[in-house]
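Residues per chain, in single letters:
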Amino acid sequence: MKSLSVLGATGSIGCQTLDVVAAHPESFRVVALTAGRNIDRLAEQTRRFRPELVVVGDAEDAAEAVERMPPGTRVLHGRDGLIAAARHDDASMVVCGLVGAVGIEPVYAAVDAGKDVALANKEALVAAGAFVMARAAATGAAVLPVDSEHNALHQCLRGEDPRSIKTLWLTASGGPLREVPLRELASITPERALAHPTWVMGRKITIDSATLMNKGLEVIEARWLFDVGADRIKVLIHPKSIVHSLVEFADGSWKAQLGSADMRHPIQYALTHPERLPSSRPPFDLLAAGPLAFEAPDPERFPCLPLAYEALARGGAAPAVLNAANEVAVEAFLERRAGLLDIPAVIRQALERHGDNPSATLDDILAADRKARETAVHVLACGVKP
């Protein structure tokens, strides 16, 4: 039985993780749950799964949580609480479903403590991939990707010699704006950008899908997960989201992982690895899927993708700057304080100011994250220039 600490339990990944746990009660137990401010959902989850520890956003939330949780539940809050959950003595695996850079320190803390990590937080590897993966190698912690694309690559690469890899191909649905005329992108509303055609995800990652920044972040993440250079990581638009990613090998052979667009499948794979357990989800019907089409991403429609490749090429703190500026710009778009096309413009300006620190330490990266956020806020306040 694996003991799980679930970071971001009340979000999309966290809830679906607990669905998998509920479907296999003989295989998992939950020792810690963390949330932001959704105390109602956290209280319900705690009553059902009985973790020893819960973590909430701040001291005010903690005071409410103490009154709402079952007797004997330990309640912590904030950064220190997240670190405690990530390093929990009884946890054999940490599931990180946190959104954004808040996941960097808990993920590092988990691998530092030798905990296996089921990782759905892109930002931990985007901003600090070199440090996280080096520490995981030193402690023997496994980092198992939950993102459907990296999870697919992990499955395709099982048993393969890394030297035989020619190209990793990440697939992207193209999001809800793939066929919108370019002239209309400046006036796109948050509601339209959130109407994803195939995946049900959180608001931030859905906007990242609309701009293809999610794929840019995944390119950086794949570089660290699989130790493959950026020149051998490419992106394909695949609107049906059936082929989750592919590997092209030196001998001309290809492998692809296929399945329905349901995050419970990659979550269960990561949680049960190296075993495979029966799924409680409906089986995938390949015959009903119909023709599978692929196309190259248009850099004019999706300028965030080349920005991600640029940040990866710069190295050091540049990917952290890219990610931080994107988070601020996406939040502004969702709050109607910025347009969709302001997102890449804000990122570009943050990279120009803070993207040159090739020998960054982990502390430097966290500092660059903060500075990039300040710059993005300033750029948005003063008016974004193309």
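In this report, we go over the structure that sits alongside the text.

### Here's the deal with the overall build of the protein chain
Stage number 1. Regarding its fold elements, the protein chain presents 16 helices and eleven strands.
Stage number 2. Since a compact globule built from 386 residues should have a radius of gyration of about 21 Å, the 20 Å found for the protein chain is in line with a globular shape.
Stage number 3. With the C-alpha coordinates aligned to their principal axes, the bounding extent of the protein chain is approximately 55 × 50 × 40 Å.
Stage number 4. In the protein chain, which comprises 386 residues, the share counted as buried stands at 56%.
Stage number 5. Partitioning the contacts of the protein chain with sequence separation of at least 6, the portion at a separation of at least 24 is 70%.
Stage number 6. Carbon and sulfur atoms form 52% of the exposed surface of the protein chain, whose accessible area is close to 16,300 Å².

### Overview of the packing of aromatic side chains
Stage number 1. Applying the stated criterion to the full structure yields one aromatic pair.
Stage number 2. Arginine 223 extends its terminal NZ or CZ atom over the ring of tryptophan 224, reaching a point 3.9 Å from the ring centre.

### Here we look at the pattern of salt bridges
Stage number 1. This structure, assessed with the given rule, holds 30 salt bridges.
Stage number 2. Arginine 178 is the salt-bridge partner of glutamate 179, the closest N and O atoms lying 3.3 Å from each other.
Stage number 3. You can call arginine 178 partly exposed: its relative accessible area is 21%.
Stage number 4. For aspartate 262, the salt bridge is made with arginine 281, and the minimal N-O distance between the two is 2.9 Å. Of this pair, aspartate 262 sits in the loop between β11 (254–258) and α11 (264–272) while arginine 281 sits in the loop between α11 and α12 (286–289); the two residues are 19 residues apart in sequence, bridging distant segments of the chain.
Stage number 5. Owing to a relative accessible area of 12%, aspartate 262 belongs among the buried residues under this scheme.

### A look at a nonpolar patch on the surface
Stage number 1. There is a patch of nonpolar side chains on the surface, built from Leu258, Phe284, Leu286, Leu292 and Phe294 and spanning about 410 Å² of accessible area.
Stage number 2. Among the structural elements, leucine 258 can be located in strand β11.

### Focus on the nonpolar core
Stage number 1. Ranked by internal contacts, the top residues of the largest apolar core, which has 93 residues, are Leu168, Leu322, Ile343 and Ile347.
Stage number 2. The biggest single contributor to this core is helix α14 (residues 318–334), with twelve residues.
Stage number 3. If near-sequence neighbours (up to four positions away) are discounted, leucine 322 is found in contact with Met213, Leu217, Ile220, Leu307, Ala308, Ala311, Ile347 and Leu351.

### A look at the sheet that holds strand β10 (residues 243–249)
Within a sheet, adjacent strands bond to each other through the backbone by hydrogen bonds, running parallel or antiparallel.
Stage number 1. Spatially, the four strands line up as an open sheet ordered β9-β8-β10-β11, and their pairing is mixed. This sheet does not close on itself; its edge strands, each paired only once, are β9 (233–237) and β11. Within this sheet the neighbouring strands show an average axis-to-axis angle of 20 degrees, counted without direction.
Stage number 2. Of the strand pairs in this sheet, strand β8 (residues 165–172) and β9 are connected by five bridges, and their pairing is parallel. Considered in β9, the bridge of alanine 172 is made with isoleucine 237.
Stage number 3. Packing against the sheet, helix α10 (residues 213–226) makes contact with β8 and β9, and its axis sits at approximately 145 degrees to β8.

### Observations regarding helix α2 (residues 39–49)
An α-helical segment advances 3.6 residues per turn. Residues three or four places apart therefore align on the same side.
Stage number 1. Within α2, the full set of buried residues consists of Ile39, Leu42, Ala43, Gln45, Thr46 and Phe49. For α2, the angular spread of the buried residues around the axis is 165 degrees, confining them to a single face. Those residues of α2 that are exposed and angled more than 90 degrees off the buried face are Asp40, Glu44 and Arg48.
Stage number 2. Of the residues flanking the end of α2, it is arginine 50, one or two places downstream, whose phi is positive at about 55 degrees.

### Digging into the state of the cysteines
Where two cysteines share a covalent bond between their sulfur atoms, that bond is called a disulfide.
Stage number 1. On inspection of all chains with the given rule, the structure shows zero disulfides.
Stage number 2. Sulfur of cysteine 96: no disulfide; nearest cysteine sulfur belongs to cysteine 15 and is 15 Å away.

### So, the environment of arginine 203
Stage number 1. Relative to the helices and strands, arginine 203 is located in helix α9 (residues 203–211).
Stage number 2. Residue classification places arginine 203 among the partly exposed residues on the basis of a relative accessible area of 49%.
Stage number 3. Separated by 111 residues in sequence, arginine 203 and arginine 314 place their C-alpha atoms 29 Å apart.

### Examining the environment of histidine 154
Stage number 1. Looking at the secondary structure, you find histidine 154 in helix α7 (residues 148–157).
Stage number 2. Each C-alpha atom, one on histidine 154 and one on alanine 270, is 9.7 Å from the other, the two residues being 116 residues apart in sequence.
Stage number 3. Setting aside its immediate chain neighbours within four residues, histidine 154 contacts Leu144, Pro145, Phe226, Tyr269 and His273.

### Overview of the sheet that holds strand β6 (residues 116–119)
Stage number 1. Here seven strands make up an open sheet; going across it, the order is β4-β3-β2-β1-β5-β6-β7 and the pairing parallel. Unpaired on one side and paired on the other, β4 (74–77) and β7 (143–145) mark the two borders of the sheet. Sheet twist, expressed as the average angle between the axes of neighbouring strands with direction ignored, equals 25 degrees.
Stage number 2. Along the sheet face, helix α5 (residues 104–112) touches β1 (2–7), β5 (93–96), β6 and β7 and points at about 150 degrees away from the line of β6.

### Notes on unusual backbone geometry
Stage number 1. A cis amide bond links histidine 273 with the next residue in sequence, proline 274, at an omega value of 10 degrees.
Stage number 2. Residue aspartate 227 is not a glycine yet carries a positive backbone phi of 55 degrees.
Stage number 3. In this fold, aspartate 227 is placed in the loop between α10 and β9.
Stage number 4. Given a relative accessible area of 59%, aspartate 227 falls into the exposed group.
Stage number 5. Despite not being glycine, arginine 336 shows a phi value in the positive range, around 65 degrees.
Stage number 6. The topology assignment puts arginine 336 in the loop between α14 and α15 (342–354).

Basis of the calculations
Residues numbered from 1 in each chain as written. Predicted model: local features only at pLDDT ≥ 70, side-chain atom pairs only at ≥ 80, totals over all residues. Heavy atoms only, no water. Helix = DSSP H or I, 4+ residues; strand = E, 2+ residues; numbered from the N terminus. Rg over C-alpha atoms; globule rule 2.2 N^0.38 Å. Buried < 20%, exposed > 50% of the residue type's maximum accessible area, 1.4 Å probe, protein only. Contact = heavy atoms within 4.5 Å. Areas by Shrake-Rupley, 256 points an atom, 1.4 Å probe, with all protein chains shown as cover. Phe/Tyr/Trp six-rings, centres within 6.5 Å; stacked < 30°, edge-to-face > 60°. Lys NZ or Arg CZ within 6 Å of the ring centre and 35° of its normal. Salt bridge = Lys/Arg side-chain N within 4 Å of Asp/Glu carboxyl O. Patch = residues over 30% accessible without salt bridge, like charges linked within 9 Å, V, L, I, M, F, W, Y side chains within 5 Å. Core = buried A, V, L, I, M, F, W, Y, C linked by side-chain atoms within 4.5 Å. Pairing = 2+ DSSP bridges. Axes fitted to C-alpha atoms, helices over the stretch in contact; angles between N-to-C directions. Arc of directions from axis to C-beta. Disulfide = S-S within 2.5 Å.

Everything listed here is a matter of coordinates, which is why it stays silent on function.
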